[in-house]
Amino acid sequence: MDRDKAVEVKSVSKHFGTYQALKSVSFDIGENEFFTMLGPSGCGKTTLLRMLAGFESPDQGSILLHGREVTQIPPHKRRVNTVFQSYALFPHMTLEQNVAYGLENLGWERAKIRARTGEMLERVHMSAMATRKPGQLSGGQRQRVALARALAPEPEILLLDEPLSALDLKLRQAMRDELRNLQRDTGITFVFVTHDQEEALDMSDRIAVLGAGEVQQIGTPAQIYEEPVNRFVADFVGETNFLDVEVLDSREGQATIRTPLGTFGVPATGAAQKGRATLSIRPEKINLGDQAAGGITLAARVVNQNYMGGFTHYTLETGGVTLRASRRNASRQGDLVATGADVTIGFLPGSARVLAS
Amino acid sequence: MRRLANNLPFWGLLPAWALMGFALILPILIIAAVSVATRGSHGGFTWDFNPAGYAQILFNEGWSGELEFTPQYLIIIGRTFLLAGATTALCLIFALPVAWYISRQTPGMRAILVYLVTLPFWVSMILRVYAWMIILGKDGPLPRFLETFGLAPGTSFMFNDGATLVAMVYTCMPLMVLPIYASIEKLDLTLIEASHDLHGNRFTTFRRVILPLTAPGIVSGAILVFVPALGAVLEPVLMGGGKQMMMGSLIQLQFGGGRNWPFGAAIAMVLMGLVMLFLIVTALRAARRTAGMEARA
Ligand SMILES: Nc1ncnc2c1ncn2[C@@H]1O[C@H](COP(=O)(O)OP(=O)(O)OP(=O)(O)O)[C@@H](O)[C@H]1O
Ligand SMILES: [Mg+2]
């Protein structure tokens, strides 16, 4: 038993018919952590979340909440609440009644229920509408009420299944900050599910990248982005360039690799063993023109460019390889490199990463 | 052209109005008129205003023409309502789990089960009631089966209120199952999960989430069962052996053997009045409830 662990998922697997949705998944979630499960559609995020809530049970393996095995405990007896993707507010109850529902079921006193309900609605700026019904609310408002309702019974763990996906861009941004603050203030462990990597990087203490029913990598946002352990993670989180390379030599954290762009040394990971491998370089790690200084420099030609406002995406050709690069538009003039132009590009060996192919 | 387009709702609905007028409103008006007509000496009636039909529901005409209160028809009315109420309640109790079970199946299976629920409608009602008479009757399958558990041989379950109720519930069940099924199918299952998630046990979830959200279906089902049950003739006569007079039989009797058309029409009017009252009250309550839930898109 470990008090510092809010959730322990141990070798959990799950089949739906003959389809294996989860293949021996294991991870721990720390107390007071903002933990995100990130992965493409159908990778089993919701299934895992539903297991934590108690709506689904693992075929094999076990789930512990605060050191206690909960596999046999029904949802209503778990100190876990969920913000559903569709919000699932009770349409026949007022917002007040929705928020009070969990408290009534826990047998709180009337006065305490009233106080807590008022407090939670206040907290999500919905007090003015306390006596309305959910049908009369906008998506963002429903979202906030769902949050208040799930937080009201003081759960030990709050589960959120893509709660922001139905909101428009501006609102999504605002809600990210609001959720993050709420988590810090309440100190409740948040388990957040999303397929939006930007959201995951922005909000999480730690991220578990799920793919094909397996945990691909667990780490802080920076670890996930900068040090992906395999091709799947590098590809799914952020944009990247992949090059087929051959590891000629690998020792003491340093690997010599042969690439179509030449042979050079890069920091190696455990994955880098002699033989065929994949090199991943993020577009923003490739510098152009005057920004390309130090490290490995190459001559390239601009094949295409997409102006994005704050930065410009370039498609480059060098040594028969196509690379994507992005360049910050630091000043108004002189930043744009014309299509068809020859340009010097460069990157630091340390910002490239060798992955098992 | 413009005028026609503007009046399209009127012209378009004209056939429907005409049908309603001839097939529904006109007969009701005729019955209403007959109910205050005078009874003819050899059946039929004459067009002389006479509220005796209504008076007869509550009062009996003595030898010398004085009116004395008799509860016998009130008892029949009460018994009819009791039967209809019991039928509705039993149908509800059986239909809820059936509808729930159907809604839990795969779409293909659901279609098959819904079809099976409506299957009895494809067979003549008289045949179905006779089938029940055989099942429950002396030497029928049910008594025979129970005899193996010690029931006295030769027992019959027929010709009593219980038998009437069995047939009533049986014939009315689909009318209850279908609307309830329709409303359960529309029910968002994540709401049930949300209830469990918020520490609601099965009972709380049923009472506070499932029941209120399927109430429209339950109300429709109750109306569809209760109203026809009030006018039931076949079941009380065949299954109950006609020992307990119901309103349906009473009315039929006045137009047939009793030869008292105004009295029959008066009872029919009273029955209709009570049904309308029931419907209006239900509709008002439903309107009040949906007013709060409007625009829940
Ligand atoms: N009840 C079920 N019956 C059959 N298959 C299911 C069931 N629930 C999930 N699956 C399957 O399991 C896989 C994982 O589903 P899950 O809902 O966990 O995915 P997800 O990661 O949440 O995806 P999304 O981002 O689209 O919500 C999917 O292929 C899905 O089709
Ligand atoms: Mg999902």
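Scoring rules and cut-offs
- Residues numbered from 1 in each chain as written.
- Chains lettered and ligands numbered in written order.
- Predicted model: local features only at pLDDT ≥ 70, side-chain atom pairs only at ≥ 80, totals over all residues.
- Heavy atoms only, no water.
- Helix = DSSP H or I, 4+ residues; strand = E, 2+ residues; numbered from the N terminus.
- Buried < 20%, exposed > 50% of the residue type's maximum accessible area, 1.4 Å probe, protein only.
- Contact = heavy atoms within 4.5 Å.
- Areas by Shrake-Rupley, 256 points an atom, 1.4 Å probe, with all protein chains shown as cover.
- Lys, Arg positive; Asp, Glu negative; His and termini not counted.
- Charge placed at Lys NZ, Arg CZ, Asp CG, Glu CD.
- Domains from an automatic or database assignment.
- Near = heavy atom within 4 Å.
- Polar contact = N/O pair within 3.5 Å; in protein donor to acceptor, adjacent residues only side chain to side chain.
- Nonpolar A, V, L, I, M, F, W, Y, C, P; charged D, E, K, R; others polar.
- Patch = residues over 30% accessible without salt bridge, like charges linked within 9 Å, V, L, I, M, F, W, Y side chains within 5 Å.
- Salt bridge = Lys/Arg side-chain N within 4 Å of Asp/Glu carboxyl O.
- Axes fitted to C-alpha atoms, helices over the stretch in contact; angles between N-to-C directions.
- Parallel < 35°, antiparallel > 145°, perpendicular 65-115°, else oblique.
- Left-handed = near helix turned anticlockwise from the far one by under 90°.
- Pairing = 2+ DSSP bridges.
- Expected span 1.5 Å × (residues − 1).
- Arc of directions from axis to C-beta.

## Re the overall build of chain A
Right, on to step 1. For chain A, the helix and strand inventory stands at eight helices and 20 strands.
Right, on to step 2. Each principal axis of the C-alpha atoms in chain A carries an extent, and together these give about 75 × 50 × 35 Å.
Right, on to step 3. Sorting the 357 residues of chain A into buried and exposed places 53% on the buried side.
Right, on to step 4. Contacts in chain A between residues far apart in sequence, at least 24 positions, make up 64% of those at least 6 positions apart.
Right, on to step 5. A total of about 15800 Å² of accessible surface is found on chain A, and carbon and sulfur atoms cover 46% of it.
Right, on to step 6. Placing the 40 positive and 41 negative side-chain charges of chain A at their respective mean positions leaves the two points 3 Å apart.

## Quick look at the domain arrangement of chain A
Right, on to step 1. Its domain assignment divides chain A into domain 1 (5-226) and domain 2 (239-356).
Right, on to step 2. Taken over C-alpha atoms, the centre of domain 1 of chain A sits 39 Å from the centre of domain 2 of chain A.

## Concerning the site of ligand 1
All names here are of chain A.
Right, on to step 1. In the neighbourhood of ligand 1, the contacting residues comprise Phe16, Tyr19, Ala21, Pro40, Ser41, Gly42, Cys43, Gly44, Lys45, Thr46, Thr47 and Glu162.
Right, on to step 2. Note that an oxygen atom of ligand 1 is positioned 3.2 Å from one of the backbone N or O atoms of cysteine 43.
Right, on to step 3. Glycine 44 places a polar main-chain atom, nitrogen or oxygen, 3.0 Å from an oxygen atom of ligand 1.
Right, on to step 4. Burial of ligand 1 by the surrounding chains reaches 60%, relative to a free accessible area of 630 Å².
Right, on to step 5. Where the shell around ligand 1 is concerned, the elements lending two or more residues are strand 2 (19-30) and helix 1 (45-53).
Right, on to step 6. Here the shell around ligand 1 takes three residues from helix 1, the largest share from any one element.
Right, on to step 7. In terms of residue class, the shell around ligand 1 is built from five nonpolar, five polar and two charged.

## Observations concerning unusual backbone geometry
Residue and element names in this part refer to chain A.
Right, on to step 1. Notably, serine 24 is not glycine yet its phi reads approximately 45 degrees, a positive angle.
Right, on to step 2. The backbone of alanine 212 sits at a positive phi, close to 50 degrees, despite the residue not being glycine.
Right, on to step 3. With respect to the helices and strands, alanine 212 occurs in the loop between strand 9 (206-211) and strand 10 (214-219).

## Points about a nonpolar patch on the surface
Right, on to step 1. On the surface, Phe10, Trp11, Leu13, Leu14, Trp17, Met20, Phe22, Leu24, Ile25, Leu26, Leu29 and Ile30 of chain B cluster together into a nonpolar patch covering about 1200 Å² of accessible area.
Right, on to step 2. Structurally, the position occupied by leucine 13 of chain B is in helix 2 (residues 8-35).

## Remarks on the side chain of threonine 259 of chain A
Residues and elements named next belong to chain A.
Right, on to step 1. Looking at the element boundaries, threonine 259 is found in strand 12 (residues 254-259).
Right, on to step 2. Judged by relative accessible area, which is 8%, threonine 259 ranks as buried.
Right, on to step 3. For threonine 259, the side chain forms a polar contact with the main-chain nitrogen of leucine 261, separated by 2.9 Å.
Right, on to step 4. A distance of 2.8 Å separates a polar side-chain atom of threonine 259 from the backbone oxygen of glycine 262.
Right, on to step 5. With near-sequence residues (within four places) excluded, threonine 259 lies in contact with Val245 and Phe264.

## A look at the packing of helix 6 (residues 125-136) of chain B against helix 8 (residues 161-186) of chain B
Residue and element names in this part refer to chain B.
Right, on to step 1. Interhelical geometry of helix 6 versus helix 8 gives an angle of 135 degrees and a closest axis separation of 11 Å. On the basis of their axis angle, the class for helix 6 and helix 8 is oblique. Considering only the axes of helix 6 and helix 8, their crossing is right-handed. Here Met125, Arg128, Trp132 and Leu136 of helix 6 come into contact with helix 8, specifically with Ala163, Val166, Tyr170 and Thr171.
Right, on to step 2. Among the residues forming the contact of helix 6 with helix 8, the class breakdown is six nonpolar, one polar and one charged.

## Looking at the sheet that holds strand 13 (residues 262-267) of chain A
Residue and element names in this part refer to chain A.
Right, on to step 1. Pairing is antiparallel in the open sheet, where five strands are placed in the order 13-12-11-14-20. Bordering the open sheet on either side are strand 13 and strand 20 (352-356), each of which pairs with just one other strand. Shown here is a sheet whose adjacent strand axes are inclined to one another by a mean of 45 degrees, direction ignored.
Right, on to step 2. Looking at chain direction, strand 11 (residues 241-251) and strand 12 are connected through five bridges and run antiparallel. Looking at strand 12, one finds that arginine 251 is bridged to glutamine 254.

## Side note on the packing of helix 4 (residues 139-151) of chain A against helix 5 (residues 169-186) of chain A
Residues and elements named next belong to chain A.
Right, on to step 1. Two elements in contact, helix 4 and helix 5, have axes separated by 12 Å at closest approach and are oriented at 15 degrees. When the axis of helix 4 is compared with that of helix 5, the two are roughly parallel. In the crossing of helix 4 with helix 5, the sense of the turn from one axis to the other is right-handed. Across the interface between the two elements, Gly140, Gln143, Arg144, Leu147 and Leu151 of helix 4 pack against Leu171, Met175, Glu178, Leu179 and Leu182 of helix 5.

## Concerning helix 5 of chain A
All names here are of chain A.
Right, on to step 1. In this model helix 5 runs 26 Å from its N-terminal to its C-terminal C-alpha over 18 residues, within 8% of the 26 Å that 1.5 Å per residue would give.
Right, on to step 2. Buried within helix 5 are the following residues: Arg172, Met175, Arg176, Leu179, Arg180, Leu182 and Gln183. Across the axial projection of helix 5, the buried residues extend over an arc of 160 degrees, all falling on one side. Within helix 5, the exposed residues directed more than 90 degrees away from the buried face are Lys170, Arg184 and Asp185.
Right, on to step 3. Turning to helix 5, the residues buried within the fold contact strand 3 (34-38), helix 3 (110-123), helix 4, strand 7 (157-161), strand 8 (189-194) and helix 6 (197-203).
Right, on to step 4. In the segment just after helix 5, glycine 187 is the residue with positive phi, at about 70 degrees.

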